[in-house]
Amino acid sequence: MKDRTAKDQPDSSKPSRRRFLKSGAVLAGVLGACADSGNVSDSGPRTLGDIPSPYGQRSTYEKSVRYTHLSDTPEAGPSRTPLQDSYGILTPSSLHFERHHSGVPTIDPSQHHLLIHGMVDRPLVFTMEEILRLPSVSRIHFIECSGNSGREWTTPEPTVQRTHGMLGCSEWTGVSLSLLLSEVGVQSEAKWIIAEGADGCKLHRSIPMEKAMDNIVIAYAQNGEAIRPEQGYPLRLVVPGWEGNTHVKWLRRIKAVDQPYMGREETSKYTDLMPDGKARQFTFVMEAKSVITFPSGRDKLPGPGFYEITGLAWSGRGLIKSVEISIDGGQSWQEAQFQEPRHPVALTRFRLPWRWEGQEVTLRSRCIDETGYVQPSREALIEARGLNTRYHYNGITAWRVSSDGSVQNAYA
Amino acid sequence: MLAAILAATPLMGQSPNYGVGRSPTPEEIKSWDISIGPDGRELPPGEGRAVEGKEVYTRRCADCHGSEGQGGDQGEALVGGEGTLDTPKPVKTVGSYWPYATTLWDYINRAMPFDSPGSLTHKQVYALVAYLLYLNGIIEEEEVINAQTLPQVRMPNREGFVPDPRPDVGRTDQSQKN
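Residues numbered from 1 in each chain as written. Chains lettered and ligands numbered in written order. Predicted model: local features only at pLDDT ≥ 70, side-chain atom pairs only at ≥ 80, totals over all residues. Heavy atoms only, no water.

Digging into the overall build of chain A
Turning to step 1, where the next piece is worked out: Scanning chain A for helices and strands turns up seven helices and 24 strands.
Turning to step 2, where the next piece is worked out: Its C-alpha atoms give chain A a radius of gyration of 23 Å, within 12% of the compact-globule value 22 Å for 412 residues.
Turning to step 3, where the next piece is worked out: On the principal axes, the C-alpha backbone points of chain A span a range of 70 × 65 × 50 Å.
Turning to step 4, where the next piece is worked out: Going through the 412 residues of chain A one by one, you find that 60% of them count as buried.
Turning to step 5, where the next piece is worked out: In chain A, once contacts between residues fewer than 6 apart in sequence are set aside, the share between residues at least 24 apart is 72%.
Turning to step 6, where the next piece is worked out: Taken as two groups, the 48 positive and 47 negative side-chain charges of chain A have centres that lie 3 Å from each other. (Helix = DSSP H or I, 4+ residues; strand = E, 2+ residues; numbered from the N terminus. Rg over C-alpha atoms; globule rule 2.2 N^0.38 Å. Buried < 20%, exposed > 50% of the residue type's maximum accessible area, 1.4 Å probe, protein only. Contact = heavy atoms within 4.5 Å. Lys, Arg positive; Asp, Glu negative; His and termini not counted. Charge placed at Lys NZ, Arg CZ, Asp CG, Glu CD.)

Below, the structure written as structure tokens:
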């Protein structure tokens, strides 16, 4: 392969929130302590603005971007969502994380087909036009790479974009997989499906038939428009609550089979090696997890005063039931408020008003899901699983705010 | 109303309820279906040996994965690591970690070489698999790898995988139990 110099693109961890705090005239009045709001004058433009445009762009003042750290083979790698700049629960499609194993293919939807075959009564090939005609469903779900927070096991990272950015939440629209499976007539000996993408490496995963019949969506739209190429255009699986790699993008083929096919992505990768040398396999569900997105690593609080602590919680097992925040290093916990409505298997926004007195504090969040599962501490997770896996980390994150207002990953 | 819509008789080969899709020909299915399961039942005809595999490997793989599979800047190690999985520095390779030899055939055939996936002949894939199994000390240099022999190859870490036992941590909230 040609020369490729590794490029490290700085993450956009300048919180827009902090910019507001510094310049916002309204907030400055409320905060008192916040310096210099500048002179407010009637400075609106007295010229005509831009004309309506066919496809919108964000303001040129907004700089938040995905974090990419390109390797020598960047087609097999991730980009990360700028969670520190996120609002609410939805991730803009343009900022949704990526993880590819052989780059983003260019696919003409008029040439794209979905083949369903194997242990079925009637193998069928569908065109995109046919899939778009079928009864549709829309659901709000998070997708998290099972390698998200993978470095928190051993070498914790500085910003929330790097610790938790292989995470996004979208409204997905498509057809229920169970609908298409009943059209082909799955035979009783078929216990698994293999889902395969049309990307260079034809990425594939084995998924139990029970899940396939339950709530998987074959999605063609994300956040109200066609799925973007890097998210699987024109068709992808959305496998609610399960590790990102199972949400096969550029979906081209589903084969009904009697056993898991033991592909490279479910043996060599995405398996959790335990201290005794045995590896856990088919660790599909992403367990409950939360993280404070503000204040978070590399933020700098301008001074003592009011701040809103906010963050995200999610569980592959359903609804988030509560989120607690500790501002005293984990000794006491107080309940955060939710943005409602909450959706099962979706990012859930939490908030807690907070007055910072200027002392050093460590902020933690922990969540409890509807099954009663409590997000574990980093120590408990390492105690149980050791340090030989890079996947499925869902420990509590701790951000240390120093007396000068700078914020760091307390475990780094 | 749905019943009325659905009542229209679907055309031949179309799905029973919505009348979409068409039946693929057996040739179409064959050309799409590259899945190789652990029992190897889909393996195509052909065969190869380590000596032929070495020749293909040197031309098509060595730049990234190292001359003897030891790994390089652009490709992970494919050889070695046996006996390290329960140590603080586990080395996971085809030889030390992979439970099934059929996975190697499936993966090389679909995904490698990285910069030109899907460009190898079936014979080349058999030969590469033979070479990598030989380099890992799993088969002899002269052994022939084909649709019959490959599923019989027993990988050293065949028993190394266990089902998901979670939740293993994350104490269940007491208030839920009341």
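That covers the picture; the talk isn't over yet.
Quick word on helix α6 (residues 122-135) of chain B
All names here are of chain B.
Turning to step 1, where the next piece is worked out: For α6, spanning 14 residues, the distance from its first C-alpha to its last is 20 Å, which sits close to the expected 20 Å at 1.5 Å a residue.
Turning to step 2, where the next piece is worked out: Taking burial as the measure, the 14 residues of α6 include ten buried ones, the bulk of the element.
Turning to step 3, where the next piece is worked out: Here α6 has its buried residues at Q124, V125, Y126, A127, L128, V129, A130, Y131, L132 and L133.
Turning to step 4, where the next piece is worked out: Those residues of α6 that are buried are in contact with β1 (47-48), α3 (50-60), α5 (101-111) and β2 (145-146).
Turning to step 5, where the next piece is worked out: One or two steps after α6, the chain reaches G137, where phi turns positive at roughly 70 degrees. (Expected span 1.5 Å × (residues − 1).)

Focus: the domain arrangement of chain A
Residues and elements named next belong to chain A.
Turning to step 1, where the next piece is worked out: On domain assignment, one finds that chain A holds domain 1 (77-280) and domain 2 (286-409).
Turning to step 2, where the next piece is worked out: With centres defined by C-alpha atoms, the gap from domain 1 to domain 2 works out at 27 Å.
Turning to step 3, where the next piece is worked out: Domain 1 puts 43 residues into the contact, and the matching count from domain 2 is 37 residues.
Turning to step 4, where the next piece is worked out: In total, about 3,500 Å² of surface goes out of reach between domain 1 and domain 2, with carbon and sulfur atoms giving 58% of it.
Turning to step 5, where the next piece is worked out: It is I89, F142 and W153 in domain 1 that bury the most area against domain 2; as a group they hold 23% of the surface buried on that side.
Turning to step 6, where the next piece is worked out: Put simply, domain 1 and domain 2 have one salt bridge between them. (Domains from an automatic or database assignment. Buried area = accessible area lost by both parts, 1.4 Å probe. Salt bridge = Lys/Arg side-chain N within 4 Å of Asp/Glu carboxyl O.)

Here's the deal with unusual backbone geometry
Turning to step 1, where the next piece is worked out: Residue P113(B) is reached from M112(B) by a cis peptide bond, and omega for that bond is -5 degrees.
Turning to step 2, where the next piece is worked out: Of note, P113(B) is situated in the loop between α5 and α6.
Turning to step 3, where the next piece is worked out: In this chain, R166(B) is followed by P167(B) through a cis amide linkage whose omega measures 5 degrees.
Turning to step 4, where the next piece is worked out: A positive phi angle, near 55 degrees, is found at W250(A), a position not held by glycine.
Turning to step 5, where the next piece is worked out: Following the sequence through the fold, W250(A) ends up in the loop between β12 (236-238) and β13 (251-257).
Turning to step 6, where the next piece is worked out: Residue classification places W250(A) among the buried residues on the basis of a relative accessible area of 2%.
Turning to step 7, where the next piece is worked out: Residues other than glycine seldom take positive phi values, yet M262(A) does so here, at roughly 60 degrees.
Turning to step 8, where the next piece is worked out: Mapped onto the fold, M262(A) is located in the loop between β13 and β14 (272-273).
Turning to step 9, where the next piece is worked out: The exposure class of M262(A) is buried, given its relative accessible area of 9%.

Things to note about the sheet that holds strand β18 (residues 320-326) of chain A
Residue and element names in this part refer to chain A.
Turning to step 1, where the next piece is worked out: Strand order across the open sheet formed by five strands is β19-β18-β22-β23-β24, with antiparallel pairing between neighbours. Each edge of the sheet is formed by a strand with only one pairing partner; in this case those strands are β19 (334-335) and β24 (407-409).
Turning to step 2, where the next piece is worked out: Here three bridges tie strand β23 (residues 398-401) to β24, and the two strands are oriented antiparallel to one another. Counted as the bridge partner of R400 is Q408 from β24. (Pairing = 2+ DSSP bridges.)

Focus on the pattern of salt bridges
Turning to step 1, where the next piece is worked out: With the rule as written, the count across this model stands at 35 salt bridges over all chains.
Turning to step 2, where the next piece is worked out: With a closest N to O distance of 3.1 Å, R205(A) and E266(A) form a salt bridge. Note that R205(A) is positioned in strand β9 (residues 204-208) and E266(A) in the loop between β13 and β14, a separation of 61 residues in sequence.
Turning to step 3, where the next piece is worked out: Judged by its relative accessible area of 2%, E266(A) falls in the buried class.
Turning to step 4, where the next piece is worked out: Note that K255(A) is salt-bridged to D33(B), the shortest N-O span being 2.7 Å. Pair noted here: K255(A) is in strand β13 and D33(B) is in the loop between α2 (26-32) and β1, and the two residues belong to different chains.
Turning to step 5, where the next piece is worked out: Taken together, the shared-partner salt bridges in this structure form one network comprising E196(A), R252(A), R253(A), K255(A), D33(B), E42(B), D106(B) and R110(B).

A closer look at helix α7 (residues 378-385) of chain A
All names here are of chain A.
Turning to step 1, where the next piece is worked out: When α7 is considered as a whole, its buried residues turn out to be R378, L381 and R385. One face of α7 carries all of its buried residues, which in axial projection span an arc of 65 degrees.
Turning to step 2, where the next piece is worked out: Two residues or fewer after α7 comes G386, characterised by a positive phi angle close to 75 degrees. (Arc of directions from axis to C-beta.)

A closer look at empty space enclosed by the protein
The rolling of a water-molecule-sized probe over the atoms marks out the regions of remaining empty space.
Residue and element names in this part refer to chain A.
Turning to step 1, where the next piece is worked out: Per the stated rule, a full pass over the model turns up four cavities of 30 Å³ or more.
Turning to step 2, where the next piece is worked out: In this structure, the largest cavity occupies an estimated 210 Å³ of space.
Turning to step 3, where the next piece is worked out: In terms of lining, the largest cavity is formed by 21 residues, of which the most central are R99, G244, N245, H247 and K249.
Turning to step 4, where the next piece is worked out: It is strand β3 (residues 98-100) that provides the largest number of residues to the lining of the largest cavity, a total of three residues. (1 Å grid on protein atoms, 1.4 Å probe; cavity = no way out; pocket = protein on both sides within 12 Å on 5 of 7 lines; lining within 4 Å. Points joined across faces, edges and corners; volume = space filled by probe spheres on them.)

As for the interface of chain A and chain B
Turning to step 1, where the next piece is worked out: Contacts between chain A and chain B engage 74 residues on the former and 61 residues on the latter.
Turning to step 2, where the next piece is worked out: Counting each side, the surface lost to burial between chain A and chain B is near 5,600 Å², with a carbon and sulfur contribution of 55%.
Turning to step 3, where the next piece is worked out: Where chain A meets chain B, there are ten salt bridges.
Turning to step 4, where the next piece is worked out: For D168(B), the salt bridge is made with R385(A), and the minimal N-O distance between the two is 2.8 Å.
Turning to step 5, where the next piece is worked out: Summed over the shared surface of chain A and chain B, the number is 31 residue pairs in polar contact (both at pLDDT 80 or more).
Turning to step 6, where the next piece is worked out: For the side of chain A that touches chain B, the leading source of residues is α7(A), giving four residues.
Turning to step 7, where the next piece is worked out: Of the residues that constitute the side of chain A that touches chain B, the class distribution is 30 nonpolar, 19 polar and 25 charged.
Turning to step 8, where the next piece is worked out: Note that strand β15 (residues 279-281) of chain A and strand β3 (residues 161-163) of chain B share three bridges and pair parallel. Considered in β3(B), the bridge of A279(A) is made with F161(B). (Polar contact = N/O pair within 3.5 Å; in protein donor to acceptor, adjacent residues only side chain to side chain. Nonpolar A, V, L, I, M, F, W, Y, C, P; charged D, E, K, R; others polar.)

What about the side chain of N109(B)?
Turning to step 1, where the next piece is worked out: Mapped onto the secondary structure, N109(B) falls in helix α5.
Turning to step 2, where the next piece is worked out: Apart from residues no more than four positions distant in its own chain, N109(B) is found in contact with I34(B), G118(B), H122(B) and V125(B).

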